[in-house]
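# Structural overview for review
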Amino acid sequence: MAPGMVKVCSVSCVVARNPGPNRIMYLCDADQKLGFYVRSIFFYGPETKTLDVDRLKSSVAEVLGSYDFWAGRLHFNENGRMEISCRNQGAFFTLATCDLSLDQVTADDFDDFFFIEDCKIKTLEDLPLLSIQVTRLLDGGCAMSILFHHALVDATSGINFLLNFASINRGDGLYMIPNGDRTQLKYRDPPRVSFEHKELAKQIPLNGGHSIYTLTEESVISSESKRKTAPKIERKTFLFTFDKLRKLKQAVLDEGILSECSTFEALAALIWRSHARSIPGKSSSDVLHVGFAVDTRNILDPPLGENFCGNSIYLAHAELSLADLSELPLSSIVAQIQEAKKRLTNEYVRSARDFLHLNPNFWYQPCETTINAWPRLMRKSLELDFGGGKPLRVEFPMDPRNFHITFLPLSSDGIFVSVPVNPIAIATFEELITQF
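Since the structure is predicted, the reported quantities are computational estimates derived from the model, not experimental observations.

## Description of the overall build of the protein chain
Looking only at helices and strands, the protein chain has 11 helices and 17 strands in total. For 436 residues, the compact-globule formula gives about 22 Å, and the C-alpha radius of gyration of the protein chain, at 22 Å, lands near that figure. Structurally, the protein chain occupies a C-alpha span of about 60 × 55 × 45 Å along its principal axes. By residue count, 54% of the 436 residues in the protein chain fall in the buried class. At a minimum sequence separation of 6, the contacts of the protein chain that also span at least 24 residues come to 81%. Counting every atom, the protein chain has about 19300 Å² of accessible surface; 52% of that belongs to carbon and sulfur. Each charge class in the protein chain was averaged separately, 46 positive and 53 negative side chains, and the resulting centres sit 2 Å apart.

In structure tokens:
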């Protein structure tokens, strides 16, 4: 074993204690586009109480009783729609060791051990939707790695699941009773498209006749092997301290165009402008787009509620010419982001879901700048206490094919902004973000 490598010691399948009846779970049209896995790692220091593996496995079995679909398997029905077969097939629980200490180990050391070997994945029944790995580190610390399929949940639902898991392991019972009913997001009958949805575009078919967002059993099974073999995208991380963010927000308001502005809106505008201006080969007349995820839980009527366990995000879009992005005051760019958020009313989001049902080959059009940011939510991940203390560090390893710019508020000093590196553009981008 090479130094630093994670060594898997055991793999077991944990089924739900007190499972509900067997059933087929409906997945909405947006779920049908999400054929990949999401990963997160929580690092705990040696000074915290050692996590009891048997207790953790018992807690997994208990929490799955409230999340029967997390213990299920993906399934394609006779119409080619993806569903979840809930028959308590179980989640995977792995125990591993690593000869690195907490201050040495990174997410890259875990990359190949998030999943079972490719050769053992023959059908969707071989594909657990949830995998948990506990890795003992050299200095007595440990890492808890979580892998879940995106068709299960969005980021809010994922963190709520982990908070429930941790709460049960502490002996406190469920933190929040989950509601996984996706029919709340079903298209209306008859569908009613009442807006022009410029953010949705027809996907270009690949060689096999499908776009990358048209899921098949084969594409879902091969998702992880494609991730592992994809070229690694170099990323660079910039720290925006809370003091710098306060000054940025005040600078926007001092321009006199807006009466209010959130920290996210100010930072997103700065990043959009800087990133757009750093893209090589663009002319001043080119229209450039920004996309950012908005949680619709409290936008839809009736509200889904914080305990909704599914994919409720919608990608808001704004657009400006490169000339405008270069010449307009930053507050005018913030105003465009605010307008994109305001556009997402209940009727607009329902209309978009109806449109996707009528046009299954459509999905969000690619944006030159896509921002993934969950500030309050990611801070919740720092509270993930299984009974021995809170994590000292949290990482969200990204798929190497992911070109999104990500805000990671996982520092007591401020917000980290993770940017995919274009060697030609990164120096320009770095210069521009300091010029507000």
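## Considering helix α1 (residues 53-64)
The terminal C-alpha atoms of α1 lie 17 Å apart, and with 12 residues this matches the ideal 16 Å at 1.5 Å per residue to within 8%. Among all positions in α1, only Val53, Leu56, Ser59, Val60, Ala61, Val63 and Leu64 are buried. Summarising the contacts, the buried residues of α1 are in contact with β1 (6-14), β6 (91-98), β7 (130-136), β8 (142-149) and α2 (155-170). A distance of 3.0 Å separates the backbone nitrogen of aspartate 54 from a side-chain oxygen at the start of α1, and that oxygen is part of aspartate 52.

## Notes on the packing of α1 against α2
With their axes 9 Å apart at the nearest point, α1 and α2 run at an angle of 125° to one another. Relative to α2, the element α1 lies oblique. Taken as a pair, α1 and α2 cross one another with a handedness that is right-handed. Contacts between α1 and α2 involve Arg55, Leu56, Ser59, Val60, Glu62 and Val63 from the first element and Phe161, Asn164, Phe165, Ile168, Asn169 and Arg170 from the second. Class assignment of the residues belonging to the contact of α1 with α2 gives a composition of six nonpolar, three polar and three charged.

## So, the pattern of salt bridges
Inspection of the entire model under this criterion finds 23 salt bridges. Where arginine 81 meets aspartate 29, a salt bridge forms, and the shortest distance between an N and an O atom there is 2.9 Å. Of this pair, arginine 81 sits in the loop between β4 (73-76) and β5 (82-86) while aspartate 29 sits in the loop between β2 (23-25) and β3 (37-44); the two residues are 52 residues apart in sequence, bridging distant segments of the chain. When its relative accessible area of 21% is taken as the criterion, arginine 81 is described as partly exposed. The salt bridge partner of arginine 87 is glutamate 125, with a shortest N-O separation of 3.0 Å. Of the two residues, arginine 87 sits in the loop between β5 and β6 while glutamate 125 sits in the loop between β6 and β7, which places them 38 residues apart along the sequence. One network of salt bridges, in which partners are shared, links Arg188, Arg192, Glu347 and Asp354.

## Quick notes on the sheet that holds β1
On the basis of which strands lie adjacent, the open sheet formed by six strands has the order β1-β6-β7-β8-β3-β15 and mixed pairing. Across the chains shown, the open sheet's two edge strands, defined by having one partner strand only, are β1 and β15 (393-395). Direction aside, neighbouring strands of the sheet carry axes that sit 15° apart on average. Alignment of β7 against β8, held across seven bridges, turns out to be antiparallel. The residue of β8 that forms the bridge with leucine 130 is phenylalanine 148. Each of β1, β6, β7 and β8 touches α1; the most contacted strand, β6, lies at about 155° to it. Sheet strands in contact with α2 are β3, β7 and β8, and its direction is about 130° off that of β8.

## What about the nonpolar core?
By size, the foremost hydrophobic cluster in this structure holds 122 residues, and its most contacted members are Trp70, Met144, Ile271 and Phe407. Residue contributions to this core peak at nine residues, all from helix α6 (residues 263-278). Setting aside its immediate chain neighbours within four residues, phenylalanine 407 contacts Phe264, Leu267, Ala268, Ile271, Ile371, Asn372, Ala373, Met378, Ile415, Phe416 and Val417. One finds Val6, Phe43, Cys98 and Leu137 within the second-largest nonpolar core, a separate group that totals 12 residues.

## Comments concerning the packing of aromatic side chains
For the structure shown, the criterion picks out 16 aromatic pairs. Each ring, one from phenylalanine 195 and one from tyrosine 348, has its centre 5.0 Å from the other, and the planes form 55°; the classification is tilted. Taken together, the residues phenylalanine 195 in the loop between α2 and β9 (200-202) and tyrosine 348 in helix α9 (residues 346-358) connect sequence positions 153 residues apart. With a relative accessible area of 37%, phenylalanine 195 lands in the partly exposed category. Centroid distance phenylalanine 355 to phenylalanine 362: 5.2 Å. Interplanar angle 85°. Geometry classified as edge-to-face. By way of ring pairs, the aromatic residues Tyr67, Phe69, Trp70, Phe148 and Phe161 are connected into one cluster. When the ring centre of phenylalanine 240 is taken as reference, the NZ or CZ atom of lysine 244 above it lies at 4.8 Å.

How each quantity is defined
Residues numbered from 1 in each chain as written. Predicted model: local features only at pLDDT ≥ 70, side-chain atom pairs only at ≥ 80, totals over all residues. Heavy atoms only, no water. Helix = DSSP H or I, 4+ residues; strand = E, 2+ residues; numbered from the N terminus. Rg over C-alpha atoms; globule rule 2.2 N^0.38 Å. Buried < 20%, exposed > 50% of the residue type's maximum accessible area, 1.4 Å probe, protein only. Contact = heavy atoms within 4.5 Å. Areas by Shrake-Rupley, 256 points an atom, 1.4 Å probe, with all protein chains shown as cover. Lys, Arg positive; Asp, Glu negative; His and termini not counted. Charge placed at Lys NZ, Arg CZ, Asp CG, Glu CD. Expected span 1.5 Å × (residues − 1). Polar contact = N/O pair within 3.5 Å; in protein donor to acceptor, adjacent residues only side chain to side chain. Axes fitted to C-alpha atoms, helices over the stretch in contact; angles between N-to-C directions. Parallel < 35°, antiparallel > 145°, perpendicular 65-115°, else oblique. Left-handed = near helix turned anticlockwise from the far one by under 90°. Nonpolar A, V, L, I, M, F, W, Y, C, P; charged D, E, K, R; others polar. Salt bridge = Lys/Arg side-chain N within 4 Å of Asp/Glu carboxyl O. Pairing = 2+ DSSP bridges. Core = buried A, V, L, I, M, F, W, Y, C linked by side-chain atoms within 4.5 Å. Phe/Tyr/Trp six-rings, centres within 6.5 Å; stacked < 30°, edge-to-face > 60°. Lys NZ or Arg CZ within 6 Å of the ring centre and 35° of its normal.

All we've got here are geometric facts, nothing functional implied.
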